[in-house]
Amino acid sequence: MVITHKVNMDLIRRGITPRIDIVQDDKYSRNLNIRLYENGVAFLPPDGCHALIRYSKPDRTGGAYDAMPDGTEAWKIEDNELTIGLAPQVCTVSGTVRLMVSLLCGNAELSTFAIELNVQAQVSFKGDSQEYINIKCYVPQPQSAKVGAYLRVKAVDDQGRIQAVETAAPDSISDDHMNALIDAKLGVIENGAY
C-alpha cells in the first residue's frame, strides 16, 4: 500500500516550490517520484550515481538517509525519474518538513531544490475508559490498568511495529507518590482540562 506523489523538478530554474501533503506518522506508505529536467529538457543522471535524501523538520531536527530502516534502498533512478521512499522519521512531526535529494557521482554533487512536505497532525484523542479507547485491531490493549501503571512493549514485528503491549507497574513507587498521581489526575479532571 504505497501512495506515489509526482513532482517535476527543473535543476536550473527553481520555479514554484512543490508542496506535498502527507499525514503525520505515515510509514512505508509514501513515495516521491521526481522527474528531473535541465532547462525544460529531461535530465538523465549518469550511470553510477547515488542518491542521498536530506530533510529538516519543524522541531529543528533532521537527517539524511539512502536506505530505509529495514535496510532496503530508499531510492531508484530510471531515465529522468528519481523515486524515493519517505523514511518513517521524516513524517513524525507535524508542520512543514523541507526535503531535498542530492545525486552523488564521483566527486560531483547535484541537489534538487527543496520540496516542502506539509505534514498534517495525526488526530489525537483523550479518553478515560475502555469504551472510548478501543483500538484492539491496531495494538492489542490490556483489559485493565491501575493509576500509575504504564504500558510496556511486549512484542514487535520484523519491521519494528508494536504487536502487543502489557501493563506494568513502576518498580519502586511509594504510596505517597501513588497518591500524588491520583490527586493530580483528579485535579486535571475537576479543572476541565481533561
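Residues numbered from 1 in each chain as written. Predicted model: local features only at pLDDT ≥ 70, side-chain atom pairs only at ≥ 80, totals over all residues. Heavy atoms only, no water.

**Details of the side chain of Asp26**
In this structure, Asp26 sits in the loop between strand 2 (19-23) and strand 3 (30-38). Taking relative accessible area as the criterion, Asp26 reaches 19% and is therefore assigned buried. Engagement of the side chain of Asp26 in a polar contact is seen with the side chain of Arg30, the distance being 2.9 Å. (Helix = DSSP H or I, 4+ residues; strand = E, 2+ residues; numbered from the N terminus. Buried < 20%, exposed > 50% of the residue type's maximum accessible area, 1.4 Å probe, protein only. Polar contact = N/O pair within 3.5 Å; in protein donor to acceptor, adjacent residues only side chain to side chain.)

**Topic: the state of the cysteines**
Inspection of the entire model under this criterion finds 1 disulfide. One disulfide in the model links Cys49 with Cys105; its S-S distance is 1.7 Å. Looking down the S-S bond of the Cys49 and Cys105 bridge, the torsion is 85°, so its handedness is right-handed. You can see Cys49 sitting in the loop between strand 4 (41-42) and strand 5 (50-56) and its partner Cys105 sitting in strand 9 (residues 95-105), a full 56 residues away along the chain. Note on Cys49: relative accessible area 11%, which makes it buried. (Disulfide = S-S within 2.5 Å.)

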